[in-house]
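Each chain is listed here by its residues.
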Amino acid sequence: MTVPFVNDQPDNGFRLEKLGVSLNVPIEKWTTESAVLHLQKLLASHEIKECCEQYSKQIDFEKTEQKICEIAEGMGS
């Protein structure tokens, strides 16, 4: 679930929702109750689960972890 409110967050939230892996809650509509409802909907959605599973198959988590470590180590130089 995204609650975009500044900079590129609205665009990123829109893209995640368009990909089918997230729901957007506009900041002006965010309340504790709306967050609970959206999280329940997100967790119960078979469509979102399937999209997340499909995209996760495209990610090489080992290489991603290694690259993050290399970048972090390079920041200390």
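Residues numbered from 1 in each chain as written. Predicted model: local features only at pLDDT ≥ 70, side-chain atom pairs only at ≥ 80, totals over all residues. Heavy atoms only, no water.

1. Focus: the overall build of the protein
From N to C terminus, the protein includes four helices and zero strands. Taken from N to C terminus, the helices and strands of the protein fall in the order α-α-α-α. Its C-alpha radius of gyration of 16 Å places the protein more than 25% over the 11 Å reference for a compact globule of 77 residues. Counting only C-alpha atoms, the protein reaches 45 × 30 × 20 Å along its principal axes. Going through the 77 residues of the protein one by one, you find that 17% of them count as buried. Across the protein, contacts joining residues at least 24 apart in sequence account for 38% of those joining residues at least 6 apart. Summed over its atoms, the accessible surface of the protein is roughly 6400 Å², and 59% of this surface lies on carbon and sulfur atoms. Side-chain charges of the protein comprise 8 positive and 13 negative groups, with the mean position of each set lying 6 Å from the other. (Helix = DSSP H or I, 4+ residues; strand = E, 2+ residues; numbered from the N terminus. Rg over C-alpha atoms; globule rule 2.2 N^0.38 Å. Buried < 20%, exposed > 50% of the residue type's maximum accessible area, 1.4 Å probe, protein only. Contact = heavy atoms within 4.5 Å. Areas by Shrake-Rupley, 256 points an atom, 1.4 Å probe, with all protein chains shown as cover. Lys, Arg positive; Asp, Glu negative; His and termini not counted. Charge placed at Lys NZ, Arg CZ, Asp CG, Glu CD.)

2. What about the pattern of salt bridges?
Following the criterion strictly, the structure yields one salt bridge and no others. Between D11 and R15 there is a salt bridge, and its shortest N-O distance comes to 2.7 Å. Of the two residues, D11 and R15 are both situated in helix α1 (residues 9–19); the distance of four residues between them amounts to about one turn of the helix. (Salt bridge = Lys/Arg side-chain N within 4 Å of Asp/Glu carboxyl O.)

3. Points about the side chain of N24
The topology assignment puts N24 in the loop between α1 and α2 (32–44). Non-local contacts of N24, meaning those with residues more than four positions away in its chain, are made with T2, P4, G13, F14, E17 and H38.

4. Remarks on the confidence of the model for the protein
Per-residue confidence for the protein averages 91 on the pLDDT scale, and 99% of its residues sit at or above 70. For the protein, the element scoring lowest by mean pLDDT is helix α4 (residues 61–75), at 89; helix α3 (residues 46–56) scores highest, at 95. (pLDDT = per-residue confidence, 0-100.)

5. Concerning the side chain of S45
Summarising the element assignment, S45 is placed in the loop between α2 and α3. For S45, the side chain forms a polar contact with the side chain of E47, separated by 3.3 Å. (Polar contact = N/O pair within 3.5 Å; in protein donor to acceptor, adjacent residues only side chain to side chain.)

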